[in-house]
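Close look at the chain arrangement
Take a look at the letters that make up each chain.
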Amino acid sequence: MQKYFLVTCLYSSFMFADDYSFDFKELEKLDIKTYEYNGYIKGEHKYQNLNKASSSFPSKDKSNMNSYFGEAFFKYKYFYDKFIFQTELAANYENIDSVEEDTYTANQLFINYKYNENHQLNLGKKTATWGKGYFFNPIAFVDRKKDPINPETNKEGYTQVNYKYNKTFQNDLQNITFDAVYLKTTSDFNEDFYNQNSNTIAFKTYLLYKDIDIDFAYLYNDKLVNKFGVDFSTNLQTNFEIHGEYAKSDDGLYSYLLGLKYLTDFDLTILSEYFYQNDELSKTQSFWDNRYFINKFTQKEPLDILYFSIYYKNSYNLDDKSHQNNLGLIYTKIKNLSIDFSVGKNYGKNSSEFGSKLIDKFTWLQVKYSF
Amino acid sequence: MLKLFLIICFTTFIFADNLLMQIDKKLAPRSSEIYKKLINIEPDGTKKEFLLYQAKKDSDKMVSLFLEPESEKGRSTLRLGENMWLFLPEVGKAIRVTSMQSIVGGVFNNSDIMRLDFSTEYDIVSQEEKNDEITLTVKAKNDTIAYDKLIMSVDKATTTPKEIQCYSSTDMLIKTLYYKDLKDFGNEIVRPAVIETSSPLYKGYKSIMVYGKITPKIFSDEAFTLDNLGKVADLRR
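Residues numbered from 1 in each chain as written. Chains lettered and ligands numbered in written order. Predicted model: local features only at pLDDT ≥ 70, side-chain atom pairs only at ≥ 80, totals over all residues. Heavy atoms only, no water.

**Focus: the overall build of chain A**
Each helix and strand in chain A was counted, giving 2 helices and 18 strands. Referenced to the eigenvectors of the C-alpha coordinate spread, the extents of chain A come out at roughly 85 × 60 × 45 Å. Within the structure as shown, chain A displays about 19200 Å² of accessible surface, and the carbon and sulfur contribution to it stands at 59%. With 42 positive and 49 negative side-chain charges, chain A shows a spacing of 1 Å between the two charge centroids. (Helix = DSSP H or I, 4+ residues; strand = E, 2+ residues; numbered from the N terminus. Areas by Shrake-Rupley, 256 points an atom, 1.4 Å probe, with all protein chains shown as cover. Lys, Arg positive; Asp, Glu negative; His and termini not counted. Charge placed at Lys NZ, Arg CZ, Asp CG, Glu CD.)

**Side note on the overall build of chain B**
Along its length, chain B carries 3 helices and 13 strands. Oriented by its inertia axes, the alpha-carbon framework of chain B measures out at about 65 × 45 × 35 Å. Split into buried and exposed, the 237 residues of chain B put 59% on the buried side. For chain B, the accessible area works out to roughly 9500 Å², and carbon and sulfur atoms hold 56% of it. When the 34 basic and 34 acidic side-chain charges of chain B are each reduced to a single mean position, those positions are 2 Å apart. (Buried < 20%, exposed > 50% of the residue type's maximum accessible area, 1.4 Å probe, protein only.)

**Re the pattern of salt bridges**
Tallying each qualifying case throughout the model produces 40 salt bridges over all chains. Across the salt bridge formed by Glu133 of chain B and Lys162 of chain B, the nearest N and O atoms sit 2.9 Å from each other. Of this pair, Glu133 of chain B sits in strand S8 (residues 133–140) while Lys162 of chain B sits in strand S10 (residues 160–167), and the two are 29 residues apart along the sequence. A network of salt bridges, in which partner residues are shared, links Lys125, Arg144, Glu156 and Asp192 of chain A. (Salt bridge = Lys/Arg side-chain N within 4 Å of Asp/Glu carboxyl O.)

**Points about the interface of chain A and chain B**
With 71 residues of chain A at the interface, the matching set in chain B holds 71 residues. Where chain A meets chain B, there are 6 salt bridges. For the salt bridge of Arg237 of chain B with Glu36 of chain A, the shortest nitrogen-to-oxygen distance reads 3.7 Å. Here chain A is connected to chain B by 24 residue pairs in polar contact (both at pLDDT 80 or more). Its residues assigned to classes, the side of chain A that touches chain B comprises 22 nonpolar, 24 polar and 25 charged. (Contact = heavy atoms within 4.5 Å. Polar contact = N/O pair within 3.5 Å; in protein donor to acceptor, adjacent residues only side chain to side chain. Nonpolar A, V, L, I, M, F, W, Y, C, P; charged D, E, K, R; others polar.)

**A look at the confidence of the model for chain B**
Detailed reading of predicted coordinates is not advised where the pLDDT is low. Of the residues in chain B, 93% reach a pLDDT of 70 or more, and the chain-wide mean stands at 88. Across residues 8–15 of chain B, confidence stays below pLDDT 50; counting only partners more than four residues off in sequence or on other chains, it has 1 contact. (pLDDT = per-residue confidence, 0-100.)

**So, the packing of aromatic side chains**
What the rule picks out here adds up to 24 aromatic pairs over all chains. A centroid spacing of 6.4 Å and a plane angle of 15° characterise the contact between Phe74 of chain A and Tyr76 of chain A, whose relative ring orientation is stacked. Each ring, one from Phe287 of chain A and one from Phe354 of chain A, has its centre 5.8 Å from the other, and the planes form 75°; the classification is edge-to-face. One end of the pair, Phe287 of chain A, is in the loop between strand S13 (268–277) and strand S14 (291–300); the other, Phe354 of chain A, is in the loop between strand S17 (337–347) and strand S18 (359–370), with 67 residues separating them in the sequence. Judged by its relative accessible area of 1%, Phe354 of chain A is buried. An aromatic cluster is defined as three or more aromatic residues linked by ring pairs; in this entry it consists of Phe136, Phe275, Phe287, Tyr292 and Phe354 of chain A. The lysine or arginine in question, Lys345 of chain A, covers the ring of Tyr347 of chain A, its NZ or CZ lying 5.1 Å from the ring centre. The cationic tip of Arg237 of chain B hangs over the ring face of Phe79 of chain A; the distance from NZ or CZ to the ring centre is 3.5 Å. (Phe/Tyr/Trp six-rings, centres within 6.5 Å; stacked < 30°, edge-to-face > 60°. Lys NZ or Arg CZ within 6 Å of the ring centre and 35° of its normal.)

**Comments concerning the confidence of the model for chain A**
Confidence in the prediction of chain A, expressed as mean pLDDT, is 91, and 92% of residues score 70 or more. Of the regions scoring below 50 in pLDDT, residues 1–18 of chain A engages in 3 contacts with residues more than four places distant in sequence or in other chains.

**A look at the pairing of strand S6 (residues 93–96) of chain B**
All names here are of chain B. Bridging between strand S5 (residues 83–88) and S6 involves 4 bridges; their strand directions are antiparallel. Across the sheet, residue Phe87 finds its bridge partner in S6, namely Ala94. Between S5 and S6, which pair antiparallel in sequence order, lie 4 residues; one of them, Gly92, sits at a positive phi of approximately 70°. (Pairing = 2+ DSSP bridges.)

**Considerations on a nonpolar patch on the surface**
Residues and elements named next belong to chain A. Residues Leu121, Leu123, Val161, Tyr163, Tyr182, Ile201, Phe203, Phe216, Tyr218, Tyr220 and Phe228 make up a contiguous nonpolar surface patch of roughly 920 Å² in combined accessible area. Of all the elements, strand S9 (residues 212–221) adds the most residues to the nonpolar patch, at 3 residues. Mapped onto the elements, Phe228 comes out in strand S10 (residues 227–237). (Patch = residues over 30% accessible without salt bridge, like charges linked within 9 Å, V, L, I, M, F, W, Y side chains within 5 Å.)

**Some points on a negative patch on the surface**
On the surface, a cluster of negative charge is contributed by Asp250, Asp251, Asp279 and Glu280 of chain A. Considering the arrangement of structural elements, one finds Asp250 of chain A in the loop between strand S11 (240–249) and strand S12 (254–263).

**Considerations on unusual backbone geometry**
A negative phi holds for most residues other than glycine; trans holds for most peptide bonds. Between Glu68 of chain B and Pro69 of chain B the backbone carries a cis peptide bond, its omega angle lying at -5°. Among the structural elements, Pro69 of chain B can be located in the loop between strand S3 (61–68) and strand S4 (76–80). We note that Asp81 of chain A has phi near 55°; this positive angle belongs to a residue other than glycine. Assignment of secondary structure puts Asp81 of chain A in the loop between strand S2 (64–80) and strand S3 (83–96). We classify Asp81 of chain A as exposed; its relative accessible area is 72%.

**So, the pairing of strand S12 (residues 190–198) of chain B**
Residue and element names in this part refer to chain B. Extensive coverage of S12 is indicated by the burial of 7 of its 9 residues. The pairing of strand S11 (residues 173–184) with S12 spans 8 bridges and is antiparallel. Within S12, the position partnered with Tyr179 by the bridge is Ile195. Linking S11 back to S12 in an antiparallel pair, the connection comprises 5 residues, with Gly186 at a positive phi of about 85°. Pairing analysis gives 4 bridges linking S12 to strand S13 (residues 206–216), with the strands arranged antiparallel. Bridged to Thr197 within S13 is Ser207.

**Let's talk about the environment of Ile174 of chain B**
Residue and element names in this part refer to chain B. Looking at where Ile174 falls in the secondary structure, it is placed in strand S11. For Ile174, a relative accessible area of 10% corresponds to the buried category. Taking the C-alpha atoms as reference points, Ile174 and Ser199, 25 residues apart in sequence, are found 6.1 Å from one another. In contact with Ile174, not counting residues within four places along its chain, are Tyr147, Cys166, Tyr167, Ser168, Ser199, Pro200 and Leu201.

**Re the nonpolar core**
As a rule of thumb, nonpolar side chains are buried together in soluble globular proteins. Counting residues in each nonpolar core, the largest one holds 55 residues, and the members touching the most others are Leu20, Ile23, Phe118, Tyr122, Leu136, Leu150 and Met152 of chain B. The element best represented in this core is S13 of chain B, accounting for 5 residues. Other than its neighbours up to four places away in sequence, Leu136 of chain B contacts Leu19, Leu20, Ile23, Ile124, Ser126, Gln127, Leu150, Ile151, Met152 and Val154 of chain B. Judged by nonpolar contacts, the second largest core, of 23 residues, contains Tyr206 of chain A together with Leu78, Trp85 and Phe224 of chain B. (Core = buried A, V, L, I, M, F, W, Y, C linked by side-chain atoms within 4.5 Å.)

This is how it looks when you write it as structure tokens:
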């Protein structure tokens, strides 16, 4: 008994001492260097059951297929005086039903010059990430289109000149940030941006006014239509956020979204977005129809399991009543490793957007290691 | 007589407010940078650690940056009053988050990790002195603050907290914070280096915040803006 008590005491003391340790060598190794880097490697496997009713099915003519994806992502920053050189490089491999392809992309490659706290200049390939929506961004005039299925994937930027002005105030208007972007488009320069051989100037003004984020955006192109947009985001309560975006172009096309994020007292996050566009896109594109409603429910640490969350996502086409469903879990207990596993199924009539997809249902596993 | 009563009330009010401000002043300089570690401990003893850099200015501006582990590196949060945003480096974009969320998991939520000055968020309701301790009951200034009521045990000699009980608006105890290990950080900063927390909502789990370095440093107001949230690492330079 005495021995047991002694062992318990020793173990407790050890735990106690260890819990509170802060090795200053850890801070020393974080010495500020002239460069910074980080990145990740991730691998994915999809097992997909095919939809016999899909028009693409005859090309496969089998009940299922396997797909594999790999990505190596590297971000590097080099600091010199008032200049920062920044790049993000991605190498991607895909094997979709034994058809292989690999791509190498510089998502960003630019130089930042900070004249002072108020004035900055960026020159090079850069992502702008305009807009407040999570799944859709109608006002992201100078970004590549977001994929609502994978909204958090890295996006490739466009080569541009960007001037930025940032100023804070001590009144209801707490902050104003002004962005001016110039993009040149030719047949081999920003060629997929807008149209060949054109010049674009885009502006965005951000205001933090009475605790509300507000953006006004405008795009002028010397050959094609001009665009105007506005967005907002604010917290109605500490656990309840609302946001919205509206964009309109000179030719009468417009789109908007309204969204909310709500956190319950049992740690369920509800993220909902309604999206409308008055123009139907080409059916080869995803989310081509007029009206969509996407909901994602994420329960953090169910059953008190730390670093574990489960989620359910429903992407609903309100026009043809078809939808895609994902039920998944994320586990991040192991240091620098994230595991995401989900199952998904498309529902809808054979002629509908999600009902006509080649994939009927799938299981998906992603393992990501960060360095 | 009425005059005397008013003077006593006024003096108590001023003293009470000053006490919260004194506590704030003891815990961190008005403008400073902080390195701290968060440790989540599970019931089976397994631990996960996070290393953070924080910059603070005035009573209501703060940014945090994750330095470790690698999977969280570059994630940063900005707090301006009750507004809070999270920047995800992979998305390259800031989104609004709530103060009750926890970006690291465990017992500490965002408002614990990015706590503003007590005097910014709370008013003293009652104050009681006993031996070497002062017990303060403080009430949130508005309903956007994470905890509606705090009961603080303050060490009279050092004017630093020893224990804080955090309550919801329904008077439910959400968690208790224990301030431990008084340490001299230099620059006349003497404060508890360790904050340990437990919660009836997370039975068996424990989270610990350990301060490694606190240094006074002047930052521009623009450092605490949405546009600079992706560049918090630059503040270390």
